[in-house]
Amino acid sequence: MKKTLYPKFILAYFIFGVFSFIIVTTFVPSMTRERLIREKAQDIYQEASLISGTYATGLYASEIDLETVKTQLDYLSVYLNSTIRIINPSGRLILDSDSPINVEEEIRIQKFDPTSTGGSYYMVNNFFDSFDQDVLTVLSPITYNYMVKGYVVIHCDMEQIEAFCNSLLNISYITLVILLLLSLIILIFFTEIVYIPLRKITYATEQYANGNMHYEFQVESNDEIGYLAACLNYMASQIAGAEDDQKKFVANVSHDFRSPLTSIRGYLEAMIDGTIPMESHHKYLNIVLNETERLAKLTNSLLTLNNLNTTGMLLDRTDFEINSVIRSTAASFEGTCRRKTIAIELVLTGTELYVYADMGKIQQVLYNLLDNAIKFSHHDSIIKVETSIKKSKLFISVKDTGIGIPKEALKLIWDRFYKSDLSRGRDKKGTGLGLSIVKEIINCHQEHINVISTEGEGSEFIFSLPLSQNMDEED
């Protein structure tokens, strides 16, 4: 079974909650209790030290009478909410804020030992069995004439501290619950904005891996995940388009190869079995020859496209005179133009014009554009080839007054094997690769080619070439 990421986050959340609960219930209460005890002990120890240095010392020095000291201790015990005592080193109780003065009855705390605090200034116990429950006790020595005469002992009820500690712990527990709820909200938020989109992306990649490139999904997000989803959708659409183009390419190649091969085979079989009489062989052999020329042209065009698409293809760029190339290319169509009574008008800039490009491939561009223009022009029409200079670029225009290209087909004419419906009746020998070759050659030169066409009026193809550096310097 495939493991998913989400249960791991649930487990992490559960572990976080358990450990948080253990820490809060185990360590926080003891730490809080110890902290409160130390703070309370420090406060009452300061009071005990103040009493021992004033009232208690005055009592042993006979400067203050017992009743006055008792009155002051009573006031302080109410203020501190504690019990204040003065005890002799032997354990005899001299004064007690909770009891009236009784000099006749001696009250002694058994086993009284001021050193039992263990070096600390406070202790938490029943103070030598003098209380029924634990109390917080601080002891401050009373010194007179460099001798310890007794101790000021303050007892604080632990119930007060425990109650305050519990109130703080309740705040801690509430805070813990709030934190767990907030983390749960974060987990839900994470599920909505991260996990669910991630699951969609994962499922989409599985579909793409299985070959379903037409699968579409949508992630409503403007962050990196949304960008990733958009990139995957775009990648899949491009791959799907490439696959469709490949299927279309194979189908077109098969069709364009099969048609002439079928014709050749049919005519040859008919001549062999006598269906076509001997006196007609010359006529049909010419037809077979034309079909073989068509196959040769198709094969050469495919090889040209393959070479143009090869990564790292090198162009043989040189400075050459473009006007002479245009004239020689136009002259190669003299026979065809004579048969269709078509004239090629050349409007060239200057007598000599040098460009920096691959002369052989640019000549092929001109040949394909002129071949197309002648093929789709009417009889007794004119094809115009014109050059113009703008900045450091030469623009070459090939314009005809033929059948034109439908508006919906303008973006498709660069596709391999594409033939518009208007061209199918005239372009019997065309391969649909001429303009693809033109586009690839111009792209390899890092230049641009555009087309302007109106159906029924004609078409104009314009492409750019860089002028040679010598021309730039002369300008």
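Scoring rules and cut-offs
Residues numbered from 1 in each chain as written. Predicted model: local features only at pLDDT ≥ 70, side-chain atom pairs only at ≥ 80, totals over all residues. Heavy atoms only, no water. pLDDT = per-residue confidence, 0-100. Contact = heavy atoms within 4.5 Å. Salt bridge = Lys/Arg side-chain N within 4 Å of Asp/Glu carboxyl O. Helix = DSSP H or I, 4+ residues; strand = E, 2+ residues; numbered from the N terminus. Buried < 20%, exposed > 50% of the residue type's maximum accessible area, 1.4 Å probe, protein only. Core = buried A, V, L, I, M, F, W, Y, C linked by side-chain atoms within 4.5 Å. Phe/Tyr/Trp six-rings, centres within 6.5 Å; stacked < 30°, edge-to-face > 60°. Expected span 1.5 Å × (residues − 1). Bend = angle between axes of the 7 residues up to and from the residue. Pairing = 2+ DSSP bridges. Axes fitted to C-alpha atoms, helices over the stretch in contact; angles between N-to-C directions. Lys, Arg positive; Asp, Glu negative; His and termini not counted. Polar contact = N/O pair within 3.5 Å; in protein donor to acceptor, adjacent residues only side chain to side chain.

1. Considering the confidence of the model for the protein
Taken as a whole, the protein shows an average pLDDT of 84; of its residues, 89% reach a score of 70 or greater. Long-range and interchain partners of residues 421–429, a stretch whose pLDDT sits below 50, account for 18 contacts in this model, where long-range means more than four residues apart.

2. Considerations on the pattern of salt bridges
This model, assessed by the stated rule, comprises 11 salt bridges. The partner of arginine 265 in a salt bridge is glutamate 269, with the nearest N and O atoms 3.0 Å apart. Pair noted here: arginine 265 and glutamate 269 are both in helix H4 (residues 224–272), with a separation of 4 residues, about one helical turn. The class of glutamate 269 is partly exposed, set by a relative accessible area of 41%. Across the pair lysine 393 and glutamate 447 runs a salt bridge whose closest N-O atoms are separated by 2.6 Å. Pair noted here: lysine 393 is in strand E10 (residues 393–399) and glutamate 447 is in the loop between helix H10 (434–444) and strand E11 (449–454), with a separation of 54 residues, a long-range link.

3. Considerations on the nonpolar core
Ile322, Ile362, Leu369, Ile396, Phe461, Phe463 and Leu465 are the most contacted members of the largest nonpolar core, which totals 39 residues. Contributing elements (two or more residues each) for this core: helix H6 (322–331), strand E8 (354–358), helix H8 (359–375), strand E9 (382–390), E10, H10, E11 and strand E12 (458–466). Residues in contact with isoleucine 362, not counting those within four places in the same chain, are Phe320, Ile322, Ala357, Ile441, His445 and Leu465. Grouped together as the second largest cluster of nonpolar side chains are 26 residues, Ile84, Leu95, Ile142 and Met158 included.

4. Quick notes on the packing of aromatic side chains
Evaluated as defined, the whole model comprises 10 aromatic pairs. An angle of 45° between the planes, with centres 5.0 Å apart, marks the rings of tyrosine 45 and tyrosine 121 as tilted. Within this pair, whereas tyrosine 45 is found in helix H1 (residues 6–60), its partner tyrosine 121 is found in the loop between strand E2 (93–96) and strand E3 (122–125), the two being separated by 76 residues in sequence. On the basis of relative accessibility, which here comes to 30%, the residue tyrosine 121 falls in the partly exposed class.

5. Observations concerning the side chain of serine 77
Along the chain, the position of serine 77 falls in helix H2 (residues 66–80). Discounting chain neighbours no more than four positions away, the residues touching serine 77 are Ser82, Ile84 and Ser97.

6. Notes on H1
In a regular helix each residue adds 1.5 Å, so 55 residues correspond to 81 Å; H1 covers 76 Å between its end C-alpha atoms and thus fits that length. Its axis deflected by about 40° at serine 52, H1 carries its strongest bend there.

7. Looking at unusual backbone geometry
A positive phi is found at serine 62, a non-glycine position, where the angle reads about 60°. Turning to its location among the elements, serine 62 is positioned in the loop between H1 and H2. Notably, glutamine 446 is not glycine yet its phi reads approximately 60°, a positive angle. Structurally, glutamine 446 can be placed in the loop between H10 and E11.

8. Comments concerning the sheet that holds E9
The 5 strands are arranged E7-E9-E10-E12-E11 in an open sheet whose pairing can be described as mixed. A strand with exactly one partner marks an edge of an open sheet, and here the two such strands are strand E7 (343–347) and E11. Direction aside, the axes of adjacent strands within the sheet are offset by 15° on average. Sheet topology note: the E7/E9 ladder contains 5 bridges and is parallel. The residue bridging alanine 343 from the neighbouring strand is isoleucine 382, located in E9.

9. As for the side chain of glutamate 460
Position of glutamate 460 relative to the elements: it lies in strand E12. No salt bridge is formed by the buried glutamate 460; its nearest oppositely charged neighbour, lysine 399, is found at 4.5 Å. Separated by 2.6 Å, the side chains of glutamate 460 and serine 397 make a polar contact. When residues no more than four places from it in sequence are discounted, the contact partners of glutamate 460 are Ser397, Val398, Lys399, Asn450, Val451 and Ile452.

10. Digging into the environment of tyrosine 121
Tyrosine 121 sits 76 residues away from tyrosine 45 along the chain, and the two C-alpha atoms are 7.4 Å apart. Filtering out sequence-adjacent residues up to four positions away, tyrosine 121 remains in contact with Arg38, Ala41, Gln42, Tyr45, Thr137, Val138 and Leu139.

11. Remarks on the pairing of strand E1 (residues 83–87)
Among the 5 residues that make up E1, 5 are buried, leaving the element largely enclosed by the rest of the structure. Side chains of E1 alternate between two faces, with Thr83, Arg85 and Ile87 and Ile84 and Ile86 buried alike. Pairing between E1 and strand E5 (residues 147–157): 5 bridges, direction antiparallel. Directly across from isoleucine 87, in E5, lies its bridge partner tyrosine 151. Relative to E2, E1 runs antiparallel, the two sharing 3 bridges. The residue of E2 that forms the bridge with isoleucine 86 is leucine 95.

12. So, H10
A turn of α-helix holds 3.6 residues, and therefore any two residues three or four places apart point the same way. Along H10, the positions that sit buried rather than exposed are Leu435, Ser436, Ile437, Val438, Ile441 and Ile442. The positive-phi residue at the C-terminal boundary of H10 is glutamine 446, with phi of around 60°.

13. What to know about the sheet that holds E1
With antiparallel pairing, the 5 strands of this open sheet are ordered in space as E2-E1-E5-E4-E3. Two strands close off the open sheet at either side, each with one partner strand: E2 and E3. Averaged over neighbouring strand pairs, the angle between their axes works out to 25° when direction is ignored. Relative to E5, helix H3 (residues 158–209) is tilted by about 45°, and along the sheet it contacts E3, strand E4 (135–144) and E5.

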